[in-house]
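Each chain, written out:
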Amino acid sequence: MRIVDYYDGDLKESALKQLKKCKWTLSEILVKLIETDSFYQKLGNESKLLLLLDKDDNIISFLTLSERYIVDDASLTPWIGFVYTFEKYRGHRYSGILIEKACEIAKEKGHKKIYIATEHKGFYENFGFNYLENKNTIYNTDARIYYRNIVNLSIKKEEFSGELVEKLIPLSVIWKKERITNGLVENTVIDFLEKDIYVVYNNNSIIGYALAKTYKESEASPTIKKNSIVYDIEEFYILPTYRNQLIGSKLYQYIEENVKDKVDVIQLISATKDYKRALNFYVEMLGMEFFTAKLFKKVR
């Protein structure tokens, strides 16, 4: 697969034919913008029509990145719009590939946020977007406005200090308020002692962290051999407005790269009410193995 800008490539004729086959109201508007040479006039001079193509140059998915879109509000820019995946390619998060590309371009241009206007609820949250408000569109319809923070990401292994702990404890307070699991309490200084501390930054702001420690397994268990050196990730947290942007994956990869030559096993226990999302993240995305589940049913 490859990503091209419709206006920068040599596939305009074949791409336009494919876009015309898309039976969707907004795609018909997009085709009209192209055919009447009003794409840049309506959407902005630096707008892009990004196409995700397969090896035969068939369009898998497409979207626009533009200064303007269907909501007349100059304070909100840039916009991702006209997001569409052809039916036979759906179910593989291909539109997410284009969304990540659009965010990269927006970041290069210095933007801090990017926006989407949609009628869908519960879809773009899976790509790191957060609901902002409802607004009227230029077509006099109602749209849900979402934003995504564009992150200037850095991850560091930090030394323990009172100043650092004071900055990390408020994140555990937010974590507790999410009620992801029962019995979660905010951290104290003791929770950071004798732990490896990993901190995730967006510029200079802390948006996540992980705590871990190393120990030697004294007895064999069903998953870990006796005398194995275990790296136990005790806490792993990203702020809600920065999730679903692969930040958690990058944090884990950073940790694994840091310890893989020193330990035999990386271990993490996840306690959450949203077990499907947790399994998808830790097993499908990070490549961990699932071993046990503690189940319960309240009867009174």
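Sequence order sets the numbering: in each chain, residues are counted from 1 along the sequence as written. Predicted model: local features are reported for residues with pLDDT of at least 70 only, side-chain atom pairs are reported and counted for 80 or more only, and whole-chain, interface and lining totals are derived from all residues. The basis for the side-chain values is all heavy atoms of the structure; hydrogens and waters are excluded.

*Asks:* Got a minute to help me understand helix 5 (residues 162-178) in this structure?
*Replies:* Given 3.6 residues per helical turn, the α-helix brings residues three or four places apart onto the same face. Between its terminal C-alpha atoms helix 5 stretches 25 Å, which fits the 24 Å expected from 17 residues at 1.5 Å a residue. Between two residues, a contact is recorded if the distance between any of their heavy atoms is within 4.5 Å. Numbering of helices and strands starts at the N terminus; helices are DSSP runs of H or I of at least 4 residues and strands are runs of E of at least 2. Buried-residue contacts for helix 5 involve strand 8 (153-158), strand 9 (196-202), strand 10 (205-216) and strand 11 (229-238). Multiply 1.5 Å by the residue count of a helix minus one, and that product is the helix's expected span.

*Asks:* Is there a simple way to explain the side chain of S47 in this structure?
*Replies:* With respect to the secondary-structure elements, S47 resides in the loop between helix 3 (39-43) and strand 2 (48-53). Here a polar contact means two N or O atoms within 3.5 Å. Within protein one must be a hydrogen donor candidate and the other an acceptor candidate, and residues neighboring in sequence count only if both atoms are side-chain atoms. From its side chain, S47 meets the backbone oxygen of L43 in a polar contact 2.9 Å long. Looking at S47, its side chain comes within polar contact range of the main-chain oxygen of G44, at 2.8 Å. Those residues in contact with S47 that lie beyond four places of it in its chain are F39, Y40, L65, S66 and E67.

*Asks:* Teacher, can you tell me more about the pattern of salt bridges here?
*Replies:* One side chain can pair with another of opposite charge once the charged atoms of both are near each other. Within this document, salt bridges are pairs made up of a side-chain nitrogen of Lys or Arg and a carboxyl oxygen of Asp or Glu, the two lying within 4 Å of each other. Under the defined criterion, the tally for this structure stands at 17 salt bridges. Notably, a salt bridge pairs K48 with D5, separated by 3.8 Å at the nearest N-O pair. Here K48, found in strand 2, pairs with D5, found in strand 1 (residues 2-5); they are 43 residues apart in sequence, far enough to count as distant. For D5, a relative accessible area of 9% translates into the label buried. Connected through shared salt-bridge partners, D73, E133 and K135 make up one network. For every residue, the accessible area (1.4 Å probe, protein chains only) is compared with the maximum for its type, and the residue is labelled buried under 20%, exposed over 50%, or partly exposed between those bounds.

*Asks:* Please clarify how the packing of aromatic side chains should be interpreted in this entry.
*Replies:* Centre-to-centre distance and the angle between the planes together describe a pair of aromatic rings. Two aromatic rings from Phe, Tyr or Trp, using only the six-membered ring of Trp, form a pair when their centres are within 6.5 Å; if the ring planes differ by under 30 degrees the pair is stacked, by over 60 it is edge-to-face, and anything between is tilted. With the rule as written, the count across this model stands at 20 aromatic pairs. Pairing Y69 with W79 gives two aromatic rings, centres 6.2 Å apart and planes at 40°, and the pair type is tilted. Of the two residues, Y69 is situated in the loop between strand 3 (59-66) and strand 4 (79-85) and W79 in strand 4; the sequence distance between them amounts to ten residues. For the pair Y69 and W79, one class covers both residues: buried. For the ring pair Y124 and F129, a centre distance of 6.2 Å and an interplane angle of 75° mean the geometry is edge-to-face. Among the aromatic residues, those joined into a ring-pair cluster are Y6, Y7, F39 and Y40. Our definition puts a charge over a ring when NZ of Lys or CZ of Arg is within 6 Å of the ring centre and also within 35 degrees of the ring normal. Note that K156 overlies the ring of Y201, its terminal NZ or CZ placed 5.4 Å from the centroid.

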